[in-house]
Amino acid sequence: MKQEKKLNIGLFIDTFYPMIDGVVSVVDNYAKRLVNYANVTVFTISPRDKNYVDNFPYKVVRCQKLEIPGLDYDLGMPSFDAKFQKELKESKLDIVHIHSPFSIGKTGLNYAKKHKIPCIATNHSQFKQDFFKATKSPAITDILVASIMKVYNKCDENWSVNSEVAKVYEEYGLKEPAKVVNNATDMMLLKDDGFINNLKEKHNIDDDAKVFLFVGRIQEMKNIFFILDALKELKNRNFKFKMFYIGSGQDENKLKSKIIENDMADCVEMLGKISDRNLLMQYYNLADLFLFPSMYDCSSLVQIEAASQKTPTLFLKNSVTSAGIVDNQNGFFAENNYVDYANRIIQIFDNDKTYKQVCENCYKTVYVNWDTKICDIFEEYKKIIHRKKIENKSKIAYKNYQKTTKNVRISQKMADKEQQQYEQKIKSYATKHPKTIKEINKKIKQNDNQNGELWQMKKKCLYWQ
């Protein structure tokens with residue numbers, strides 16, 4: 001039996017490890033699972049750390065970059081990197097999946113168009129917020145949004161990470177409705193809870209204290225100071241808790257200062273970035289409630305990670321990232337002010353029965369494992385590739401049809417032209433000789449008469465002879 005050829009899949013992203021964010025984590029989870037089914041290459045930019053070495057079960061191809069001062073992200077320069085272009089040319093991709101609309105994403109799209117293969121784009125971020133924060137100009141923001149939407153609108157399909165993100169991109173100008181493809185996590189529920197006592201002892205947590213957790217970039221746009229204000233309100237009401245911030249970012253020092261200023265160092269700890277996934281799972285499991293009041297995120301992985309340990313999340317109402325959450329069923333909501341957020345926390349733990357049911361439901365409905373998700377995505381890739389091949393054949397057939405009909409039209413035009421020229425000649429001759437037929441008839445009669453006279457004369461000559 002002939003073995004099926006392995007597909008070549010290209011994932012394109014404008015930032016990658018050692019930089020860590022939600023999109024990087026998504027691409028990594030895609031790649032390290034897809035490699036079980038296909039040949040996978042991640043196309044991205046070079047790291048800032050020159051000593052960093054890639055060590056993945058999949059191939060990573062990096063290009064030169066231009067560092068942007070003041071930002072965590074750099075600008076990839078794939079067009080000016082001959083080695084990158086050579087690797088891309090030799091990759092012989094069957095499908096392109098872009099996870100950003102900038103230089104690397106555009107390169108993936110251009111490759112797909114040139115080689116007539118499908119290109120999928122995943123809509124991860126609320127770029128309008130990013131652009132406005134960087135430019136402070138509504139006009140420039142609109143121009144930048146229009147620019148990235150040109151990229152998304154040229155793709156064969158757009159995948160949005162939840163239904164609310166699909167609406168956001170429709171508002172941005174996405175022409176065709178996006179397909180909802182939710183994110184997932186690699187985490188699994190920890191069965192052995194022996195670590196709980198160790199963590200409580202390590203952090204001096206009383207048994208009657210509630211444990212709260214935030215995981216993500218330590219940046220103001222994630223509403224990290226909003227959380228601190230709500231916690232200050234709780235402390236003022238003598239609500240016993242321990243809060244952990246896990247992650248790193250540009251506002252770490254500012255957050256540390258505010259913790260000290262508010263005299264909250266005894267109940268709030270910053271643990272920095274935790275790369276050990278097992279240890280991170282333990283903190284998710286330890287937490288009674290995950291605090292995520294972000295209005296920036298689209299569909300954060302951390303809320304799914306928390307759900308993997310039966311830890312529900314408290315969101316803000318109308319946040320995009322909370323799509324699919326029903327209050328008091330598989331998560332919780334609060335109004336967008338820190339006093340109400342604090343009040344909501346107290347209410348949640350006042351009703352133990354509802355709280356426990358929400359813990360179970362978030363595990364059942366919010367938690368999804370990447371192994372299952374990527375298996376489905378790979379099958380979807382194959383369908384899209386098949387559809388693209390049929391589409392390409394249809395386009396070729398239509399071109400041939402157009403070519404045939406064009407030739408018929410040309411032949412018809414030539415025949416019509418020859419007919420017109422022939423008719424024009426007849427008309428022209430008729431104009432020059434309008435009485436030709438009459439004159440011919442007259443001549444015939446004259447000839448007949450002349451012939452009769454000549455015959456009579458000839459007969460007379462014969463008689464006289």
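It should be emphasised that the depicted structure is a prediction, and the values quoted were computed from it without experimental measurement.

**Student:** Describe the layout of surface pockets, listing the residues and the values that go with them.
**Tutor:** In this model, the second largest pocket occupies a volume close to 250 Å³. The wall of the second largest pocket is formed by 17 residues, among which Asn 182, Ala 323, Gly 324, Thr 365 and Val 366 lie closest to the centre. For the lining of the second largest pocket, a count of residues per class yields six nonpolar, ten polar and one charged.

**Student:** Hey, could you go over the sheet that holds strand β11 (residues 241-246) for me, with residue numbers and the actual values?
**Tutor:** Neighbouring strands of a sheet are bound in pairs by backbone hydrogen bonds; such pairs are parallel or else antiparallel. The strand order across the open sheet formed by six strands is β12-β11-β10-β13-β14-β15, and the pairing between neighbours is parallel. The sheet terminates laterally at β12 (268-272) and β15 (332-334), the two strands that pair on one side only. Across the sheet, the mean angle separating the axes of adjacent strands is 30 degrees when strand polarity is ignored. This element, helix α8 (residues 224-236), spans β10 (210-215), β11, β12, β13 (289-291) and β14 (313-316) of the sheet and lies at about 170 degrees to β11.

**Student:** Please provide a residue-by-residue account of the pattern of salt bridges, values included.
**Tutor:** For side chains of opposite charge, pairing can occur when their charged atoms come near one another. Under the counting rule described, the total for this entry stands at 29 salt bridges. Note that Lys 242 is salt-bridged to Glu 269, the shortest N-O span being 3.0 Å. Taken together, the residues span a long stretch of sequence, with Lys 242 in strand β11 and Glu 269 in strand β12 at a distance of 27 residues. Classification of Lys 242 by relative accessible area gives buried; the value is 7%. Residue Lys 382 pairs with Glu 379 through a salt bridge whose shortest N-O separation is 3.3 Å. Of this pair, Lys 382 and Glu 379 both sit in helix α14 (residues 370-432), three residues apart, roughly one helical turn. Accessibility expressed as a relative area gives 30% for Lys 382, which makes it partly exposed. With relative accessibility at 37%, the residue Glu 379 sits in the partly exposed group.

The rules behind these values
Residues numbered from 1 in each chain as written. Predicted model: local features only at pLDDT ≥ 70, side-chain atom pairs only at ≥ 80, totals over all residues. Heavy atoms only, no water. 1 Å grid on protein atoms, 1.4 Å probe; cavity = no way out; pocket = protein on both sides within 12 Å on 5 of 7 lines; lining within 4 Å. Points joined across faces, edges and corners; volume = space filled by probe spheres on them. Nonpolar A, V, L, I, M, F, W, Y, C, P; charged D, E, K, R; others polar. Pairing = 2+ DSSP bridges. Helix = DSSP H or I, 4+ residues; strand = E, 2+ residues; numbered from the N terminus. Axes fitted to C-alpha atoms, helices over the stretch in contact; angles between N-to-C directions. Contact = heavy atoms within 4.5 Å. Salt bridge = Lys/Arg side-chain N within 4 Å of Asp/Glu carboxyl O. Buried < 20%, exposed > 50% of the residue type's maximum accessible area, 1.4 Å probe, protein only.

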